[in-house]
Amino acid sequence: MEIQQLKYFLEVVRQKSFTRAAAQLYVTQPMLTRAIKQLEESLNVLLIERTSKSFRLTDAGRILYDQAQEFLLRYDEIFQTMADVRSVKTGSVQLSIPGVLLDLYFTPLFSSFHKRFPGIDISAVEEGSKLVTAAVGAGRADLGLVMLPIEGPARFETQLLVSDVCHLVVRKDHPFAWMPSVHISDLKGETILTFSETATLHDTFIQMCEAEGFSPHVAYKSLMPGFSFKMVAMGECIAVLPLPLILHNLCDELTTVPLSPRIQWDIAVIRRRQGYHSFASAQLFEHICEHFAKLQA
């Protein structure tokens, strides 16, 4: 059994087709078929039942597929470890993060990090907390910024960075603007904007409304602060958003009102608990924790 044969096998399973897999791998179909056949012979099992019209993994094929993914991830980590040893303070980090957090906190953070580690490149992908969790869990991202809680927390090392709340943001001529606080149940019948379905806040807000016996009229879902605050300023809706984001974007036409019960906005940095952490990703993880600790102080 060879590493290349395992990689070929995984791609065939992902594509559910020898033809499509060969195109993705830039090899000929006969060569790919031969490699899979050699893999089956070396393991003395049938991995794929195939005819001209069907494709199905055998029990052995399903087991190999699951274990080969984890094995190849560990295999790649060996080479990354050796690269770290050679290069010491160079490398790259894949960071998955909601765009609102980039805008709120990460400009000075990235600047101070690159002064310390000019040889480390950061690739930031903007996506909601639920997609961030999936990306870090699958190894597509080294680190992620999320709103808690997250799915499968035992899989991750988690460091709390920000503990705040969500408020309403409304026009100053809205009836809620004169109230000391607004109960979740009072939002029944209101046209509301909040984060999109990829964000944990979206699900938390919906669940709290349903606990009060109603489904909120969420007419707008956005992760773009500019759009969100313009819609509220135009009187098209009210918004349920994190208080730090509201204070960062508040204008003369708008005001913020506390919600009851509280919607907690806890932000954490996460990384996989198991597996290798490169020098670059370890340094960024520590720098993020230090930066937010100074902000809280």
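Residues numbered from 1 in each chain as written. Predicted model: local features only at pLDDT ≥ 70, side-chain atom pairs only at ≥ 80, totals over all residues. Heavy atoms only, no water.

*Asks:* Before we move on, can you summarise the side chain of E127 with the specific residues and values?
*Replies:* In this structure, E127 sits in the loop between strand 4 (120–126) and helix 6 (129–137). One buried charge, E127, has no salt-bridge partner; the nearest side chain with opposite charge is R140, at 6.0 Å. A polar contact of 2.5 Å, which involves the side chain of E127, links it to the side chain of S96. (Helix = DSSP H or I, 4+ residues; strand = E, 2+ residues; numbered from the N terminus. Buried < 20%, exposed > 50% of the residue type's maximum accessible area, 1.4 Å probe, protein only. Lys, Arg positive; Asp, Glu negative; His and termini not counted. Salt bridge = Lys/Arg side-chain N within 4 Å of Asp/Glu carboxyl O. Polar contact = N/O pair within 3.5 Å; in protein donor to acceptor, adjacent residues only side chain to side chain.)

*Asks:* How would you summarise the environment of H217 if you had to cite specific residues and measurements?
*Replies:* Here H217 lies in strand 9 (residues 217–221). Overall, H217 belongs to the partly exposed group, its relative accessible area being 44%. In this structure the C-alpha to C-alpha distance between H217 and P118, which are 99 residues apart in sequence, comes to 48 Å. Setting aside chain neighbours within four positions, we find H217 in contact with E190, T191 and I192. (Contact = heavy atoms within 4.5 Å.)

*Asks:* Quick one: what's the story with empty space enclosed by the protein, residue by residue and with numbers?
*Replies:* Tallied over the entire structure, the rule returns one cavity of 30 Å³ or more. Computed from the structure, the largest cavity encloses a volume of approximately 90 Å³. Considering every element that reaches the lining of the largest cavity, the biggest residue donor is strand 5 (residues 143–147), with three residues. (1 Å grid on protein atoms, 1.4 Å probe; cavity = no way out; pocket = protein on both sides within 12 Å on 5 of 7 lines; lining within 4 Å. Points joined across faces, edges and corners; volume = space filled by probe spheres on them.)

*Asks:* Would you mind going over the packing of aromatic side chains in detail, with residue names and values included?
*Replies:* Evaluation of the coordinates by the stated rule reveals six aromatic pairs. Taking 6.5 Å as the distance between ring centres and 70 degrees as the angle between the ring planes, the aromatic pair formed by Y220 and F227 counts as edge-to-face. Judged by relative accessible area, Y220 falls into the partly exposed class, the value being 24%. Aromatic rings pair up to connect Y105, F106, F110 and F292 into one cluster. (Phe/Tyr/Trp six-rings, centres within 6.5 Å; stacked < 30°, edge-to-face > 60°.)

*Asks:* Just give me the short version of unusual backbone geometry, but keep the residues and values in it.
*Replies:* Negative phi is the rule for most residues except glycine; trans is the rule for most peptide bonds. Residue P149 is bonded to the preceding L148 through a cis peptide linkage, with omega at 5 degrees. Structurally, P149 can be placed in the loop between strand 5 and strand 6 (156–171). The omega torsion across S260 and P261 is -5 degrees, close enough to zero to call that bond cis. On the secondary structure map, P261 appears in strand 11 (residues 254–272). Despite not being glycine, K16 shows a phi value in the positive range, around 55 degrees. Along the chain, K16 turns up in the loop between helix 1 (3–15) and helix 2 (18–25). With a phi close to 60 degrees, Y26 is a non-glycine residue in the positive phi region. Counting through the fold element by element, Y26 comes out in the loop between helix 2 and helix 3 (29–43). Residue classification places Y26 among the exposed positions, given a relative accessible area of 76%.

*Asks:* Lay out the packing of helix 5 (residues 99–116) against helix 10 (residues 279–296) in plain terms, naming residues and giving numbers.
*Replies:* Their axes nearest at 10 Å, the elements helix 5 and helix 10 cross at an angle of 130 degrees. Between helix 5 and helix 10, the angle is such that the two are oblique. Handedness of the crossing formed by helix 5 with helix 10: right-handed. Along the contact surface, helix 5 presents Y105, F106, P108, L109, S112, F113 and R116, while helix 10 presents A280, Q283, L284, H287, I288, E290, H291, F292 and L295. When grouped by side-chain class, the residues that make up the contact of helix 5 with helix 10 number 10 nonpolar, four polar and two charged. (Axes fitted to C-alpha atoms, helices over the stretch in contact; angles between N-to-C directions. Parallel < 35°, antiparallel > 145°, perpendicular 65-115°, else oblique. Left-handed = near helix turned anticlockwise from the far one by under 90°. Nonpolar A, V, L, I, M, F, W, Y, C, P; charged D, E, K, R; others polar.)

*Asks:* Describe the pattern of salt bridges, and please don't skip the residues or the numbers.
*Replies:* For the structure on display, the rule yields eight salt bridges. The residue E11 makes a salt bridge to R14 at a minimum N-O spacing of 3.4 Å. Of the two residues, E11 and R14 both sit in helix 1, three residues apart, roughly one turn of that helix. What makes R14 partly exposed here is its relative accessible area of 43%. For R62, the salt bridge identified is with D59, shortest N-O distance 2.2 Å.

*Asks:* Can you lay out the nonpolar core for me, pointing to particular residues and giving the numbers?
*Replies:* Core analysis: the largest hydrophobic core is formed by 62 residues, its most contacted members being F106, L145, L168, L187, F205 and I288. The biggest single contributor to this core is helix 5, with nine residues. The residues contacting L187, other than those within four sequence positions of it, are L168, F176, V182, I192, F205, F214, I238, V240 and L259. Of all hydrophobic cores here, the second largest spans 21 residues; its members include A22, L32, I48 and L57. (Core = buried A, V, L, I, M, F, W, Y, C linked by side-chain atoms within 4.5 Å.)

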